[in-house]
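Overview (structure and organization)
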Amino acid sequence: MKIAVIGGGASGLVTAITAMQKARSENKKCEITIFEARDRVGKKILATGNGRCNMLNTDEAPFYFSRNNFHSHAIRSFDAESNLAFFADLGLYTRTDEEGRVYPLSNQATTVLDTLRTECERLGVKTKTDCEIKSIKADKNGFALNNEMYFDKVVLSCGGKAAVKNFNGYDLLSQLGHRVTEIAPSLSKLNTADTKDVKQLQGIRHKVTLTLTVDGKFVTKESGELLFAKYGLSGIAVMQLSAYITRFGKKQKAVVSADFVPSFTSDELEKAVQRIIAHDEKQRCENLLSGFMPKKLGEVVLKSISINPGEEVGRLNEKDVAAIVRKAKKYPFPIDSVRSFEDAQVTAGGADTEYFNPSTMESKLHKGFYAVGEVLDVDGLCGGYNLMWAWSSGRLCGESIIK
Ligand SMILES: Cc1cc2nc3c(=O)[nH]c(=O)nc-3n(C[C@H](O)[C@H](O)[C@H](O)COP(=O)(O)OP(=O)(O)OC[C@H]3O[C@@H](n4cnc5c(N)ncnc54)[C@H](O)[C@@H]3O)c2cc1C
């Protein structure tokens, strides 16, 4: 059996390895070729987790955006434990942090890629780099790629549009009559509607809790470091919120409210501010919040309620203090948009999963055609979930393609 894997990324490498391992264990003859458009396989893996590769998450109930829980068969069949064992069998060991995020013990994404590449070599998987697949045709004998290469089965593991310059994966899908759902950047930064405040704060980082509302209704909450940029907001908590915002329409109003003092309740903060005022009534307002947040951020909070940072704190009344606390605990940033695919880590949307079998990853339209990883309409939050989807869907496909 001749199998083509289109895309030598996370999901394609693991599909090829699993299929070849299974074929060998069952004494089945099988030839697998990975076609990779770039000059090396797995380049995106190298960029993951800031070069450290957050490979998995041990969360017992991982959450994915997917229609009719398409992801769940693959994720349940090849859960975190099973993926850890898969990598340990190849000699790759890991550590898990307190939030369940798994990294290679080497702390280097290169180790993950080298492990997969070496196993492909050992198993005799062929790799053709600098080889972009531009066309795919199906007939009763199998599949023709680029009108010149013929295969019995084909796996589409070409990833998505996030952080990629040229991408034709959706075109390949439509050549086979597969529908692609609306796509949008996810796990990206956010453009705020007004950039006056964020521009002043550019470069400042602060630990916060962020609440997302859309059209005034609560959607979700995230805690983490907020980073101000000239266009808006960045940081992991912001990227998590982007995954929700990207699914709402442009006409819907998304607002991210920041709690700049999440470790204090409003009452505690009010008492603390009053104590600071009572301690030295002559000090300037600009120092009032600097025990809780970067000074510049404190000044922006004060200015937003028309309090002059140069004023003496003794001039503030109870109402002023209550207003300061309200703003420090809930500072609204109306959102204009999620930033582009260039800044995104993953694609929301993709191959319509209605036309694929979740137990095998095989197309319902063309027997012998499979799709895995990010090209499908399945995506997760930051924390190792997207690579986990790539590994798990790839392993499920690798097993079922040999059956
Ligand atoms: C900066 C960044 C950091 C990230 N960090 C993490 C992280 O720490 N943890 C996590 O879980 N996820 C992370 N992700 C997301 C994760 O990398 C992807 O979800 C995952 O790589 C998807 O795997 P894939 O195999 O589906 O696609 P990819 O890994 O993108 O692989 C697809 C491959 O197919 C090739 N290809 C495309 N079209 C063709 C064609 N027509 N012919 C031949 N080859 C083709 C591409 O060149 C590519 O090599 C990150 C993403 C980015 C951009």
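Residues numbered from 1 in each chain as written. Predicted model: local features only at pLDDT ≥ 70, side-chain atom pairs only at ≥ 80, totals over all residues. Heavy atoms only, no water.

Topic: the domain arrangement of the protein
Each assigned domain of the protein is listed with its residue range as follows: domain 1 (2-185 + 346-402) and domain 2 (189-339). When each unit is reduced to the centre of its C-alpha atoms, the spacing between domain 1 and domain 2 is 40 Å. Taken together, the contact pairs 8 residues of domain 1 with 9 residues of domain 2. Taking both sides of the interface into account, the surface hidden between domain 1 and domain 2 amounts to around 770 Å²; carbon and sulfur atoms contribute 60%. At the junction of domain 1 with domain 2, the criterion picks out 1 salt bridge. In this structure, Asp379 engages Arg247 in a salt bridge whose closest nitrogen and oxygen atoms are separated by 2.5 Å. Between the two partners, domain 1 and domain 2, sit 3 residue pairs in polar contact (both at pLDDT 80 or more). Residues of the side of domain 1 that touches domain 2, tallied by class, amount to 7 nonpolar, no polar and 1 charged. (Domains from an automatic or database assignment. Contact = heavy atoms within 4.5 Å. Buried area = accessible area lost by both parts, 1.4 Å probe. Salt bridge = Lys/Arg side-chain N within 4 Å of Asp/Glu carboxyl O. Polar contact = N/O pair within 3.5 Å; in protein donor to acceptor, adjacent residues only side chain to side chain. Nonpolar A, V, L, I, M, F, W, Y, C, P; charged D, E, K, R; others polar.)

Things to note about the site of the ligand
Looking at the ligand, there are 33 residues lining it, with Ser11, Glu36, Asn168, Glu374 and Leu387 nearest. Leu387 places a main-chain nitrogen or oxygen 2.7 Å from an oxygen atom of the ligand. Contact with the protein chains removes 91% of the 1000 Å² of surface that the ligand exposes when unbound. Counting residues per element, the ones that place at least two in the shell around the ligand are helix H1 (10-25), helix H2 (43-47) and helix H12 (385-402). Ranked by residues supplied to the shell around the ligand, first place goes to H12 with 4 residues. Looking at the shell around the ligand residue by residue, the class counts come to 14 nonpolar, 14 polar and 5 charged. (Near = heavy atom within 4 Å. Areas by Shrake-Rupley, 256 points an atom, 1.4 Å probe, with all protein chains shown as cover. Helix = DSSP H or I, 4+ residues; strand = E, 2+ residues; numbered from the N terminus.)

What about the environment of Gly177?
Along the chain, Gly177 falls in the loop between helix H6 (169-175) and strand S12 (184-186). Through-space distance from the C-alpha of Gly177 to that of Leu365 is 7.8 Å; in sequence the pair is 188 residues apart.

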